Amino acid sequence: MRPEQYVKPTPSPRVIVAAVIITAGRVLACERGSPPEAAGRWEFPGGKVEPGETERQALARECAEELGVRVEVGDRVGPDVPLAHGRAVLRVYAVTLLGGDVPEALEHRSMRWLTVDQLDSVPWLPADVPIVAELPALLER
């Protein structure tokens, strides 16, 4: 094969999952404490899908690690959001808390439960903005 014929395979983007936790018409928002460029910005909790995990398994693990809660992962919310110049993708799911579990800010600076009228009251990370746009329909159900 001549060098000009070789096409380097494009790696699949890394999948990051996040949780939209809605209780009593309010959604949980979490404030980042680090890294410095994200500190003070708000996001939905979640993290990387590790090898051998499904997206739903990863999200359940991340909710346990970050919030100390057990969850049931439901349907997708919003579109795939490209991250890191296409090297990663954010996928967000609706999540239900189980067994009366109450989230704690184990890995975040703080947390807030936001109503539909409060969605614009925090500075969201850019990746979460398209998901925030989907929330009014979910919160007003």
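Note that this is a predicted model, so its numbers are computed, not measured. (Residues numbered from 1 in each chain as written. Predicted model: local features only at pLDDT ≥ 70, side-chain atom pairs only at ≥ 80, totals over all residues. Heavy atoms only, no water.)

Points about the overall build of the protein
So, point 1. Check the secondary structure of the protein and you find three helices and seven strands.
So, point 2. Listed by position from the N terminus, the elements making up the protein come as β-β-β-β-α-β-β-β-α-α.
So, point 3. Once local pairs closer than 6 in sequence are excluded, the contacts in the protein between residues at least 24 apart make up 67%.
So, point 4. Split by element, the accessible area of the protein, about 8,100 Å² in all, is 52% carbon and sulfur.
So, point 5. Taken together, the 16 basic and 21 acidic charged side chains of the protein have centroids lying 5 Å from each other. (Helix = DSSP H or I, 4+ residues; strand = E, 2+ residues; numbered from the N terminus. Contact = heavy atoms within 4.5 Å. Areas by Shrake-Rupley, 256 points an atom, 1.4 Å probe, with all protein chains shown as cover. Lys, Arg positive; Asp, Glu negative; His and termini not counted. Charge placed at Lys NZ, Arg CZ, Asp CG, Glu CD.)

Some words on the side chain of Asp128
So, point 1. As for its placement among the helices and strands, Asp128 is situated in the loop between strand 7 (110-114) and helix 2 (129-132).
So, point 2. For the buried Asp128, no salt bridge exists, and the shortest N-O distance to an oppositely charged side chain is 7.3 Å, to Arg32.
So, point 3. With residues up to four places along the chain from it excluded, the contact list for Asp128 reads Trp42, Glu43, Phe44 and Leu90. (Buried < 20%, exposed > 50% of the residue type's maximum accessible area, 1.4 Å probe, protein only. Salt bridge = Lys/Arg side-chain N within 4 Å of Asp/Glu carboxyl O.)

What about the pairing of strand 5 (residues 71-83)?
So, point 1. Where strand 5 lies against strand 6 (residues 88-97), eight bridges are found, and the strand directions are antiparallel. The partner of Val81 across the bridge, within strand 6, is Leu90.
So, point 2. Between strand 5 and strand 6, which pair antiparallel in sequence order, lie four residues; one of them, Ala84, sits at a positive phi of approximately 50°. (Pairing = 2+ DSSP bridges.)

A word on the state of the cysteines
So, point 1. This structure, assessed with the given rule, holds zero disulfides.
So, point 2. With no disulfide partner, Cys30 has as its closest neighbouring cysteine sulfur the one in Cys63, 8.9 Å distant.
So, point 3. On the accessibility criterion, Cys30 (0% relative accessible area) is buried.
So, point 4. A residue is classified by how much of its surface remains accessible, and Cys63, at 1% relative accessible area, is buried. (Disulfide = S-S within 2.5 Å.)

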